[in-house]
Amino acid sequence: MRKVTARAPVNIALIKYWGKKDEINVIPYNSSLSITLDNLYTETTISESEEFKFILNDVNQGLEECNKVKTFLKHFASLDAINKVSITSVNFVETAAGLASSASGYAALATAANSYFNTNLSINELSKISRLGSGSSTRSFHGGMVAWDRNNEIYQVESKFKEFVMISVIVDQEKKYISSREAMKITVNTSPLYPTFVSESNKYFEVMKEALYNGDIKLIGELTEKSTVLLHETMEKANPSIKYIQDESRVIWDMIYKARSKGLYSYISMDAGPNVKVLTNEKDYLKIINILEDNNFKYYHISRMGEGAIIIG
Ligand code: PMV
């Protein structure tokens, strides 16, 4: 039986992408830049089957999810061929709670499909298809630090300093209350802060590339946090207001501010969900873990910089 398995990592944006200039081709208004994580990922297997099936985390998916996947796979094969495969995906990360499982999910599906259906697309072409499913997935094809610029190019960015540690603190494992696709549209159309978000993010992006190149970790941390703060301020000003930050998320922010004032390298990052990521380094991360544990935040992932999407079998 023919069978292909791909693994694709989660990436966390340090400079956040939010908003599509072109909804159909998923072209962003602003440049973004992310870190690829080493131990949070999706594995997807495509295998021969009598009928189409999509199994996510051991659960057979219904019509709506199956149709979504089928539509995506049409970039790789005919409907006839698609109807003869089964897709089995496992997220080694919480699904749809702001831990970027859709990014790793679409990148893994695109990578597996490219191999299974022998389309032989380049990473660049694959990342362009993948972003039609989830914008941020376009950055999961490369390892290390990855740019997705507003001219729609994807590339790896050199980082002099490599000992970053990302702690993802799980505040809530539930599915997010509003999808990022929906929330983005509302923000672009109604937030008076959106033009500022775009122009500032594009500036942060340029400065971030330089800071990475120079290994200026203080500036890297500061820009990371600024991008997150601006993203959430911009969303909150939308109508209706979009609020992904929960009380517990705020508690973690305060703890991290305090830790930083005591000299520990630690900066906040948050996406379309209540979970909080802390950018820290090898030197300080255990102290940050101690602070989290002391405050009863005992559910977290510790990640480092990882590799991009690959075929594993
Ligand atoms: O990948 P999407 O379309 O769900 O967008 C997610 C965007 C953020 O995660 C909030 C930021 C980013 O750049 O990853």
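Residues numbered from 1 in each chain as written. Predicted model: local features only at pLDDT ≥ 70, side-chain atom pairs only at ≥ 80, totals over all residues. Heavy atoms only, no water.

Asks: Requested: an account of the overall build of the chain, with residues and values cited.
Replies: Counting secondary structure elements, the chain contains nine helices and 14 strands. Against the globule reference of 20 Å for 313 residues, the chain gives a C-alpha radius of gyration of 19 Å, in line with a compact fold. By principal-axis analysis of the C-alpha atoms, the chain measures approximately 60 × 40 × 35 Å. For the chain, the proportion of its 313 residues judged to be buried stands at 57%. Restricting to contacts in the chain with at least 6 residues of sequence separation, those with at least 24 account for 76%. Put simply, the chain shows about 13700 Å² of open surface, and 49% of that area lies on carbon and sulfur atoms. In the chain, the 36 positive side-chain charges and the 37 negative ones have mean positions that sit 2 Å from each other. (Helix = DSSP H or I, 4+ residues; strand = E, 2+ residues; numbered from the N terminus. Rg over C-alpha atoms; globule rule 2.2 N^0.38 Å. Buried < 20%, exposed > 50% of the residue type's maximum accessible area, 1.4 Å probe, protein only. Contact = heavy atoms within 4.5 Å. Areas by Shrake-Rupley, 256 points an atom, 1.4 Å probe, with all protein chains shown as cover. Lys, Arg positive; Asp, Glu negative; His and termini not counted. Charge placed at Lys NZ, Arg CZ, Asp CG, Glu CD.)

Asks: Any chance you could break down the site of the ligand for me, citing the residues and the numbers?
Replies: Looking at the ligand, the residues that line it are Ala13, Lys16, Tyr17, Trp18, Ser134, Gly135, Ser136, Arg139, Ser180, Met184, Asp271 and Ala272. In the environment of the ligand, an oxygen atom lies 2.6 Å from a nitrogen or oxygen atom belonging to the side chain of Ser180. In the environment of the ligand, an oxygen atom lies 3.3 Å from a nitrogen or oxygen atom belonging to the side chain of Asp271. Coverage of the ligand by the protein chains reaches 92% of its 380 Å² of free accessible surface. (Near = heavy atom within 4 Å. Polar contact = N/O pair within 3.5 Å; in protein donor to acceptor, adjacent residues only side chain to side chain.)

Asks: Which residues make up the packing of aromatic side chains, and what values do they have?
Replies: On inspection of all chains with the given rule, the structure shows ten aromatic pairs. Measuring from centroid to centroid gives 5.8 Å for Tyr194 and Phe197, while their planes differ by 25°, and the two rings are stacked. Of this pair, Tyr194 and Phe197 are both found in helix H6 (residues 194-214), three residues apart, which corresponds to roughly one turn of the helix. Of the two residues, Tyr194 and Phe197, neither departs from the other in class, the shared state being buried. When the centroid spacing of 5.2 Å and the interplanar angle of 65° are considered together, the rings of Tyr265 and Tyr267 count as edge-to-face. (Phe/Tyr/Trp six-rings, centres within 6.5 Å; stacked < 30°, edge-to-face > 60°.)

Asks: Explain helix H7 (residues 217-236) residue by residue, including any values.
Replies: In a regular helix each residue adds 1.5 Å, so 20 residues correspond to 28 Å; H7 covers 29 Å between its end C-alpha atoms and thus fits that length. For H7, the complete set of buried residues consists of Ile220, Gly221, Leu223, Thr224, Glu225, Ser227, Thr228, Leu230, Leu231, His232, Thr234 and Met235. (Expected span 1.5 Å × (residues − 1).)

Asks: Outline the nonpolar core, listing residues and values.
Replies: One recurring pattern in soluble globular proteins is that nonpolar side chains are buried together. Formed by 45 residues in total, the largest nonpolar core has its most connected members in Trp18 and Ile220. Contributing elements (two or more residues each) for this core: strand S1 (3-15), strand S4 (32-48), strand S8 (145-148), strand S9 (154-157), strand S10 (164-169), helix H5 (180-190), H6 and H7. By residue number, the principal contributor to this core is H6, which donates eight residues. (Core = buried A, V, L, I, M, F, W, Y, C linked by side-chain atoms within 4.5 Å.)

Asks: So what about the environment of Arg139? Which residues, and what values?
Replies: Here Arg139 lies in the loop between helix H4 (123-133) and S8. Among the residues examined, Arg139 registers a relative accessible area of 2% and is labelled buried. Taking the C-alpha atoms as reference, Arg139 lies 14 Å from Arg7; in sequence the two are 132 residues apart. At 2.8 Å, the side chain of Arg139 forms a polar contact with the side chain of Asn11.

Asks: A description of the side chain of Thr234 should follow, citing residues and the corresponding values.
Replies: Among the structural elements, Thr234 can be located in helix H7. Within the structure, the side chain of Thr234 is placed 2.6 Å from the backbone oxygen of Leu230, a separation counted as a polar contact. Setting aside residues no more than four positions away along its own chain, Thr234 makes contact with Thr187, Ser191, Leu193, Tyr194 and Phe197.

Asks: Before we move on, can you summarise the pattern of salt bridges with the specific residues and values?
Replies: Applying the stated criterion to the full structure yields twelve salt bridges. One salt bridge connects Glu65 with Lys68, and the closest N-O pair in it is separated by 3.6 Å. A residue pair is termed a helical-turn pair when its members lie 3 or 4 positions apart in one helix, as Glu65 and Lys68 do in helix H1 (residues 63-73) at three residues. Among the residues examined, Lys68 registers a relative accessible area of 43% and is labelled partly exposed. With a closest N to O distance of 3.0 Å, Glu200 and Lys203 form a salt bridge. (Salt bridge = Lys/Arg side-chain N within 4 Å of Asp/Glu carboxyl O.)

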